[in-house]
Amino acid sequence: MFANLSDRLTASFKQLRGKGRLSEADIDATVAEIRRALLDADVALPVVRTFAANVRERAKSAEVSQALRPAQQVIKIVNAELVEILGGEARDLRFAKHPPTVIMLAGLQGAGKTTLAAKLGRWLREQGHTPLLVASDLQRPNAVTQLQVVGEQAGVPVWAPEPGNGVGDPVAVARSGVQHARDKQYSVVIVDTAGRLGVDAEMMQQAADIRDATSPDEILFVLDAMIGQDAVTTANAFAEGVGFTGVVLTKLDGDARGGAALSVRGVTGKPVMFASTGEKLTDFERFHADRMASRILDM
Amino acid sequence: LSRGELTESDWEEIEETLLLADVGVGPTTELMDKLRTETKVLGTTDPEHVRDVLRRELLQLVDPTMDRELHLEPVVGDDGEPHPVTMLVVGVNGTGKTTTVGKLARVLVAEGHDVVLGAADTFRAAAADQLSTWGSRVGVPVVRSDREGADPAAVAFDAVKEGRRTGADVVLVDTAGRLQNKAGLMDELGKIKRVMAREAPVREVLLVLDATTGQNGMRQAQVFAEAVDVTGIVLTKLDGTAKGGIVVAVQRELGVPVKFVGLGEGPDDLAPFVAEEFVDALLS
Ligand SMILES: Nc1nc2c(ncn2[C@@H]2O[C@H](COP(=O)(O)OP(=O)(O)OP(=O)(O)O)[C@@H](O)[C@H]2O)c(=O)[nH]1
Ligand SMILES: Nc1nc2c(ncn2[C@@H]2O[C@H](COP(=O)(O)OP(=O)(O)OP(=O)(O)O)[C@@H](O)[C@H]2O)c(=O)[nH]1
Ligand SMILES: [K+]
Ligand SMILES: [Mg+2]
Ligand SMILES: [Mg+2]
């Protein structure tokens with residue numbers, strides 16, 4: 001077994017040295033290796049397919065066949081294409097002209113939304129903003145308590161007028177949270193919502209209702225980096241059901257290769273904006289496309 | 001699949017079904033090779049028939065004959081006293097451990113068992129509160145620390161001790177989510193298990209895998225199995241669009257069966273794993 005794609009490609013190019021040109025069979029072998037590496041990294045199948053076709057095209061070109069080390073050249077191309085897709089039009093958070101700026105979080109169950117609310121709150125506070133966290137997950141047992149605890153750790157106040165555990169209306173809480181922020185002049189409102197499945201029409205409607213009640217400036221789709229092929233279906237369901245403006249990839253401190261980043265970017269066109277990299281509130285950073293590309297390729 | 005002869009694109013469609021279900025490139029390629037050989041031997045080109053063969057092959061891989069029961073037979077310790085059956089629930093962050101403990105307690109109570117829960121996640125914000133809510137939902141006591149950041153092994157130990165004291169027959173211990181690449185946290189898990197075992201042997205270690213997990217699921221299973229000897233898998237969130245195909249490779253590699261599936265967030269949303277149902281859902 002070869003450790004990574006680079007080694008595998010180098011090996012598949014071994015016989016080639018001195019031949020000067022890549023044969024059709026060489027190219028097939030190369031594309032097959034890349035396809036496998038991307039699938040092993042959980043990049044979505046439709047994205048892999050497009051990607052492999054592009055690589056095939058470029059592998060036939062002079063830039064590769066005339067290169068001194070064609071394997072390295074192909075990897076360079078693959079890497080560059082990945083960075084381009086992952087990093088296209090990276091941007092900062094959009095702030096409202098008239099505060100408060102509203103940031104709504106949405107995603108599957110257990111993705112890392114509540115933790116992210118506190119991380120984002122802390123990060124914004126350090127930049128001089130005055131954020132408020134809003135506890136609109138009234139469903140999952142003790143989600144409100146959890147937000148209160150992490151809010152406290154982050155030094156960010158929490159709007160939690162309802163106890164949760166099935167009691168209270170999440171849409172009303174979101175609305176009153178934004179009103180409270182306006183009254184007390186908080187500059188940013190971060191709305192934590194319950195986890196929901198793409199196929200849960202009722203819960204998706206609730207998310208849309210929270211959106212309509214708060215007119216968010218950003219809706220961040222929170223996605224676990226360990227997710228597999230379901231990333232596309234789920235991302236499409238959230239894009240359609242609530243719409244999102246950016247993506248946050250969580251649990252990047254693990255050893256998952258995180259191909260979902262590429263899938264979601266490739267399928268929805270929305271930028272990955274932040275990375276969550278641990279359970280501590282400081283484990284949070286801007287997303288780096290180049291690091292992600294190397295990670296997906298396992299290099 | 002269309003009627004008549006199988007075209008190359010029919011084959012691709014079959015392969016796609018497997019890959020999209022997170023079965024993984026390795027097992028998918030093996031299955032495809034087998035399928036091509038077998039259909040050649042059978043001389044069949046009927047898509048319907050090919051699909052039957054695939055279903056059979058996949059079912060064989062998932063193995064309906066595996067023992068998927070929880071081991072709940074009463075144990076008697078060296079001292080001649082009965083011990084509660086103790087179970088540890090482990091996994092990476094956010095997969096559904098705490099929820100599974102709650103649901104499993106519900107099942108066990110319905111079967112007439114006396115259950116005690118142990119809140120050995122002393123790290124995650126409000127984790128013990130969450131488990132306590134589940135405890136009152138399903139009517140079982142929860143042993144917890146009143147201190148955040150308490151030693152999880154000590155809480156687990158106390159839970160088992162409490163189970164013995166009250167004559168409970170099952171003690172279920174919830175643990176904090178941890179990523180398998182964090183050696184320190186994996187050592188901590190090993191310690192929790194060892195300390196529990198001083199009171200009573202740990203009978204079941206259930207690894208909770210999220211059905212949306214891709215190829216990293218294999219790594220999770222390998223490392224957790226190494227650290228605490230996993231005896232069963234719970235595949236959660238199967239009520240979504242994900243198929244959970246990674247467990248096919250996990251079961252084969254580790255020989256550890258999936259015992260339950262999670263089908264929702266409510267107390268009754270836990271079901272035994274049925275190989276036929278899993279395979280049919282995967283191929284649908
Ligand atoms: N290692 C690691 N753990 C994380 C990260 N982000 C969140 N977690 C953990 O993942 C688990 C789930 O996080 P939550 O913030 O509760 O997720 P959620 O999306 O709010 O979950 P629900 O509200 O139940 O849908 C917790 O154990 C968190 O500590 C991360 O970047 N790295
Ligand atoms: N749809 C669905 N959601 C589930 C299922 N099991 C758990 N959940 C949800 O997933 C989220 C995480 O569940 P938890 O039980 O808190 O997960 P955990 O593994 O204990 O998380 P940590 O302790 O933070 O690592 C919660 O929102 C649960 O309600 C399931 O089978 N289906
Ligand atoms: K499913
Ligand atoms: Mg939450
Ligand atoms: Mg938990």
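Engineer: Is there a simple way to think about the nonpolar core in this case?
Structural biologist: Buried together is how nonpolar side chains tend to be arranged in soluble globular proteins. One finds Leu 86, Ile 103, Leu 105, Leu 120, Ile 190, Leu 249 and Ile 296 of chain A to be the most contacted residues of the largest nonpolar core, which totals 99 residues. What Ile 190 of chain A contacts, discounting residues up to four positions off in sequence, is Ile 103, Leu 105, Ala 117, Leu 120, Gly 121, Leu 124, Leu 132, Leu 133 and Val 134 of chain A. Membership of the second largest hydrophobic core comes to 68 residues, among which are Leu 88, Ala 211, Val 258 and Phe 273 of chain B.

Engineer: Can you help me understand the interface of chain A and chain B in this one?
Structural biologist: When the parts of a complex come together, some accessible area is lost, and that lost area is often taken as the interface size. Listed as interface residues are 35 residues of chain A and, on the opposing side, 38 residues of chain B. When residues of chain A are sorted by the area they lose upon contact with chain B, Met 226, Asp 255 and Glu 279 of chain A head the list and together hold 19% of the total. At the boundary of chain A and chain B, one finds 3 salt bridges. Across the salt bridge formed by Glu 16 of chain B and Arg 49 of chain A, the nearest N and O atoms sit 2.6 Å from each other. At the junction of chain A and chain B, the tally comes to 16 residue pairs in polar contact (both at pLDDT 80 or more). Partitioning the side of chain A that touches chain B into residue classes produces 11 nonpolar, 13 polar and 11 charged.

Engineer: Mind showing me how you'd approach the site of ligand 1 here?
Structural biologist: Residues and elements named next belong to chain A. With respect to spatial proximity, 23 residues lie near ligand 1, and among them Gly 112, Lys 113, Thr 114, Thr 115 and Arg 140 are the closest. Here an oxygen atom of ligand 1 sits 3.2 Å away from a polar atom, N or O, in the main chain of Ala 111. Interatomic distance of 3.5 Å between a backbone N/O atom of Gly 195 and an oxygen atom of ligand 1. About the coverage of ligand 1: the protein hides 96% of its 650 Å² of free accessible area. With 4 residues, helix H6 (residues 113-126) is the largest single contributor of residues to the shell around ligand 1. Taken together, the residues of the shell around ligand 1 break down into 3 nonpolar, 12 polar and 8 charged.

What counts and how
Residues numbered from 1 in each chain as written. Chains lettered and ligands numbered in written order. Predicted model: local features only at pLDDT ≥ 70, side-chain atom pairs only at ≥ 80, totals over all residues. Heavy atoms only, no water. Core = buried A, V, L, I, M, F, W, Y, C linked by side-chain atoms within 4.5 Å. Buried < 20%, exposed > 50% of the residue type's maximum accessible area, 1.4 Å probe, protein only. Contact = heavy atoms within 4.5 Å. Buried area = accessible area lost by both parts, 1.4 Å probe. Salt bridge = Lys/Arg side-chain N within 4 Å of Asp/Glu carboxyl O. Polar contact = N/O pair within 3.5 Å; in protein donor to acceptor, adjacent residues only side chain to side chain. Nonpolar A, V, L, I, M, F, W, Y, C, P; charged D, E, K, R; others polar. Near = heavy atom within 4 Å. Areas by Shrake-Rupley, 256 points an atom, 1.4 Å probe, with all protein chains shown as cover. Helix = DSSP H or I, 4+ residues; strand = E, 2+ residues; numbered from the N terminus.

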